[in-house]
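Analysis of the macromolecular model
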Amino acid sequence: MDQAEQKRRAADAALEYIEPRLTPNTIVGVGTGSTTNLFIDALAAVRHKFDACVSSSVASTERLQAHGITVLDLNAVDRIEVYVDGADEVNADRQLIKGGGGALTREKIVAASADEFVCIVDESKVVDVLGRYPLPVEVIPMARGLVARALVGLGGSPEWRQGFTTDNGNIILDVHELKITHPADLEARINNIVGVVTNGIFAAQAAHVVLVAGQSGVRRI
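The rules behind each value
- Residues numbered from 1 in each chain as written.
- Predicted model: local features only at pLDDT ≥ 70, side-chain atom pairs only at ≥ 80, totals over all residues.
- Heavy atoms only, no water.
- Phe/Tyr/Trp six-rings, centres within 6.5 Å; stacked < 30°, edge-to-face > 60°.
- Helix = DSSP H or I, 4+ residues; strand = E, 2+ residues; numbered from the N terminus.
- Buried < 20%, exposed > 50% of the residue type's maximum accessible area, 1.4 Å probe, protein only.
- Lys NZ or Arg CZ within 6 Å of the ring centre and 35° of its normal.
- Axes fitted to C-alpha atoms, helices over the stretch in contact; angles between N-to-C directions.
- Parallel < 35°, antiparallel > 145°, perpendicular 65-115°, else oblique.
- Left-handed = near helix turned anticlockwise from the far one by under 90°.
- Contact = heavy atoms within 4.5 Å.
- Nonpolar A, V, L, I, M, F, W, Y, C, P; charged D, E, K, R; others polar.
- Pairing = 2+ DSSP bridges.
- Right-handed = clockwise from strand over helix to strand, strands pointing away.

Glancing now at the packing of aromatic side chains. This model, assessed by the stated rule, comprises two aromatic pairs. With 5.2 Å between their ring centres and 45 degrees between their planes, Y83 and F117 make a pair best called tilted. Within this pair, whereas Y83 is found in strand 3 (residues 80–85), its partner F117 is found in strand 6 (residues 114–122), the two being separated by 34 residues in sequence. This pair shows no difference in class: Y83 is buried, exactly as F117 is. Taken together, the aromatic side chains of Y83, F117 and F202 make up a single cluster linked through ring pairs. In this arrangement the basic side chain of K98 is found over the ring face of F202, its NZ or CZ atom lying 5.6 Å from the centre. When the ring centre of F164 is taken as origin, the NZ or CZ atom of R161, which lies over that ring, is 5.2 Å away.

Now the structure itself:
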């Protein structure tokens with residue numbers, strides 16, 4: 001089973017996990033990325049069972065709307081029952097690195113707004129220690145140099161993702177060479193750097209459930 005098929009199985013497992021709880025009043029939060037795109041495609045088959053979605057990116061909003069799914073602004077809803085999104089890395093404590101697609105800030109906001117955060121990944125994303133994947137940090141453009149120097153001071157090697165602008169109008173620094181043994185601590189330290197919007201460590205807002213698709217099927221963390 002190749003990686004693409006594993007992603008599809010993870011997306012299908014997420015739909016199977018949430019479908020029994022869908023009601024005409026349910027709001028579903030939806031993330032961003034290749035695995036989440038497959039979840040959006042699967043979700044379209046049951047769009048009559050829930051009210052609407054809240055999306056973490058322009059790209060996901062466009063994909064949802066193309067399927068005829070209503071997308072609401074987060075400020076227009078009182079409650080998000082469940083948020084489904086992928087990850088670039090996940091550890092045994094369900095802490096994540098996210099932001100490969102550059103939507104980390106909105107993803108973190110929607111995840112924090114939801115009653116339950118369901119993360120869907122293929123088995124290649126599971127690691128013992130976070131940091132193999134470069135850590136995305138969203139930064140106010142004028143603070144790029146200031147933040148980069150501070151990240152070097154934390155032991156990282158930041159690289160500007162040139163030619164990319166987030167949906168919020170900011171830039172991304174991808175930080176290499178970090179071994180993230182204490183995710184919650186590093187998440188807070190980076191977020192306290194002046195000029196940082198947020199970083200891609202999801203430890204304070206870890207996933208409640210991770211569905212991992214591999215060669216032997218889908219397992220739950």
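On to the packing of helix 2 (residues 34–43) against helix 3 (residues 58–66). Where helix 2 meets helix 3, the axes come as close as 9 Å, and the angle between the chain directions of the two elements is 25 degrees. Relative to helix 3, helix 2 is oriented roughly parallel. Crossing geometry of helix 2 relative to helix 3 is assigned as right-handed. On the side of helix 2, the interface is formed by N37, I40, D41 and L43, while helix 3 contributes S60, R63 and L64. Taken together, the residues of the contact of helix 2 with helix 3 break down into three nonpolar, two polar and two charged.

Judged by pairing direction, the sheet is antiparallel, and its three strands sit side by side in the order 4-5-11 without closing on themselves. Each end of this open sheet is capped by a strand with a single partner; those strands are strand 4 (89–90) and strand 11 (201–202). As paired elements, strand 5 (residues 96–97) and strand 11 share two bridges and run antiparallel to each other. Paired with I97 across the two strands is I201, which belongs to strand 11.

Turning our attention to the pairing of strand 1 (residues 27–30). The alternating pattern of strand 1 places I27 and G29 and V28 and V30 on opposite faces, both of which are buried. Bridging between strand 1 and strand 2 (residues 52–55) involves four bridges; their strand directions are parallel. Among the inter-strand pairings, V30 is bridged to a residue of strand 2, identified as S55. Crossover strand 1 to strand 2 through helix 2 is right-handed. With three bridges connecting them, strand 1 and strand 3 associate as parallel partners. In the strand pairing of strand 3, V30 is matched with V84.

This brings us to the pairing of strand 9 (residues 171–176). Burial analysis of strand 9 places five of its six residues in the buried class, the great majority of the element. Strand direction decides the pairing type here: strand 7 (residues 135–139) and strand 9, joined by five bridges, are antiparallel. Paired with P136 across the strands is D174, a residue of strand 9. Both strand 8 (residues 157–160) and strand 9 contribute to a ladder of four bridges, which runs antiparallel. Along strand 9, the bridge assignment pairs E159 with D174.

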